[in-house]
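# What the coordinates show
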Amino acid sequence: MLNIQEALNQSNAFLAQAGIETARLDARLLVEYALGLGSHESSLKSEGILQDEEYQRLQTLVTRRAKREPLAYIITEREFWSLSFKVSPATLVPRPDSETLIEAALEYVLERNDALTVLDLGTGSGCLLLSLLHELPHATGVGIDRCPEALKVARYNANQLSLSGRASFVCADWCNGLSASYDVVLCNPPYISNDELATLMPEVAQYEPHHALSGGVDGLESYRAVASLISDVLSDQGKVIFEIGMNQVADVSQLLIQNNLQVIDIKKDLSGLPRCIVAQSSRSKTF
């Protein structure tokens with residue numbers, strides 16, 4: 001039988017041959033997951049011999065990854081904002097670039113100890129809402145999603161992060177039917193155009209939920225739906241922060257302006273590309 005280091009090398013080679021660009025990292029994480037090891041324990045116990053059932057479990061996991069199933073779905077978690085989130089095929093895999101929304105929200109919060117209210121539209125795993133609540137100790141929030149299975153994941157994450165007392169989750173279509181107003185509204189809607197969907201990497205196109213990706217013919221369908229409702233749920237001093245796709249700044253900004261919102265900021269992601277738009281009601285000035 002193989003020891004841990006040999007299993008790691010074998011898994012790395014298999015994934016690299018399958019065209020996985022992060023083969024070495026993925027192999028290590030899969031070995032750790034298959035053997036129930038904590039981070040970096042695999043290197044400390046590299047001479048340990050795998051039992052038959054451990055080897056078979058690892059082979060199954062590596063084969064799934066070689067077929068381009070997202071690593072996060074296989075090991076059932078993903079880090080976001082330095083927190084660990086459970087994910088499933090019912091939720092998008094959180095991306096580092098989406099942390100730009102958290103950074104933007106915090107920039108416009110003048111006092112983090114205020115009892116702010118947060119709304120997260122299309123919450124998925126809950127990563128945006130829960131990350132922001134983690135930074136705002138007296139804030140409360142609501143996550144909206146139309147997928148019941150995604151909401152189960154979000155509730156699990158809230159419990160794991162000890163935030164279930166400040167976060168609630170509702171199955172609904174955007175903010176239709178909401179009567180409360182919120183100080184911060186986060187929204188990472190589907191924004192991939194129909195033509196672009198087929199060009200996405202296999203991990204995304206073949207595995208992530210289509211309803212959370214597809215923004216219709218031009219990628220703007222969800223922005224149109226949400227923009228017409230935002231003014232009704234924003235507090236007088238509230239801010240709404242939208243994630244946007246490539247080349248969508250002008251179009252999304254225009255939609256917001258047409259719906260009585262002021263675009264006050266554009267934030268760039270880790271690659272220097274516009275990633276989110278910050279807007280407020282035409283009746284507000286600042287927090």
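Residues numbered from 1 in each chain as written. Predicted model: local features only at pLDDT ≥ 70, side-chain atom pairs only at ≥ 80, totals over all residues. Heavy atoms only, no water.

Moving on, we get to the packing of aromatic side chains. In total, this model carries 2 aromatic pairs according to the counting rule given. Summarising the aromatic geometry, the rings of Phe-80 and Phe-85 are spaced 6.3 Å apart at their centres and angled 75° between planes, so their arrangement reads as edge-to-face. Seen from the ring of Tyr-156, Lys-86 lies directly overhead, with NZ or CZ sitting 4.7 Å from the centre. (Phe/Tyr/Trp six-rings, centres within 6.5 Å; stacked < 30°, edge-to-face > 60°. Lys NZ or Arg CZ within 6 Å of the ring centre and 35° of its normal.)

Maximal helix bending in helix α11 (residues 221–233) amounts to about 35°, located at Ala-227. Turning to α11, its buried residues are Ser-222, Tyr-223, Val-226, Ala-227, Leu-229, Ile-230 and Val-233. On the buried face of α11, the contacting elements are β3 (117–121), β6 (182–187), β7 (234–243), α12 (249–258) and β8 (261–268). (Bend = angle between axes of the 7 residues up to and from the residue. Helix = DSSP H or I, 4+ residues; strand = E, 2+ residues; numbered from the N terminus. Buried < 20%, exposed > 50% of the residue type's maximum accessible area, 1.4 Å probe, protein only. Contact = heavy atoms within 4.5 Å.)

Turning our attention to the packing of helix α6 (residues 99–107) against helix α7 (residues 127–135). Contact geometry for α6 and α7: axes closest at 10 Å, N-to-C directions at 40°. With respect to each other, α6 and α7 are oriented oblique. Viewed along their axes, α6 and α7 form a crossing whose handedness is right-handed. Here Leu-101, Ile-102, Ala-105 and Leu-106 of α6 come into contact with α7, specifically with Leu-128, Ser-131, Leu-132 and Glu-135. (Axes fitted to C-alpha atoms, helices over the stretch in contact; angles between N-to-C directions. Parallel < 35°, antiparallel > 145°, perpendicular 65-115°, else oblique. Left-handed = near helix turned anticlockwise from the far one by under 90°.)

Tracing the sequence through the fold places Glu-32 in helix α2 (residues 23–35). Classification of Glu-32 as buried rests on a relative accessible area of 6%. C-alpha of Glu-32 to C-alpha of Asp-97: the two residues are 65 residues apart in sequence and 26 Å apart in space.

Glancing now at the sheet that holds strand β5 (residues 167–171). On the basis of which strands lie adjacent, the open sheet formed by 7 strands has the order β5-β4-β3-β6-β7-β9-β8 and mixed pairing. What marks the edges here is a single partner per strand, and that holds for β5 and β8. For this sheet the average axis-to-axis angle between neighbouring strands, irrespective of direction, equals 20°. Sheet analysis places β8 next to strand β9 (residues 274–281), joined by 7 bridges and oriented antiparallel. (Pairing = 2+ DSSP bridges.)

Now for the pattern of salt bridges. According to the stated counting rule, one finds 14 salt bridges in the structure shown. Between Arg-28 and Glu-32 there is a salt bridge; the shortest N-O distance is 2.9 Å. Here the residue Arg-28 and the residue Glu-32 both occupy positions in helix α2, the gap between them amounting to 4 residues, near one helical turn. What makes Arg-28 partly exposed here is its relative accessible area of 24%. For Arg-112, the salt bridge identified is with Glu-135, shortest N-O distance 3.2 Å. Separated by 23 residues along the polypeptide, Arg-112 in the loop between α6 and β3 and Glu-135 in helix α7 bring together distant segments of the chain. Taking relative accessible area as the criterion, Arg-112 reaches 37% and is therefore assigned partly exposed. Look at Glu-135 and you get partly exposed, because its relative accessible area is 23%. One connected set of salt bridges, linked through shared partners, spans Asp-26, Arg-65, Arg-68 and Glu-203. (Salt bridge = Lys/Arg side-chain N within 4 Å of Asp/Glu carboxyl O.)

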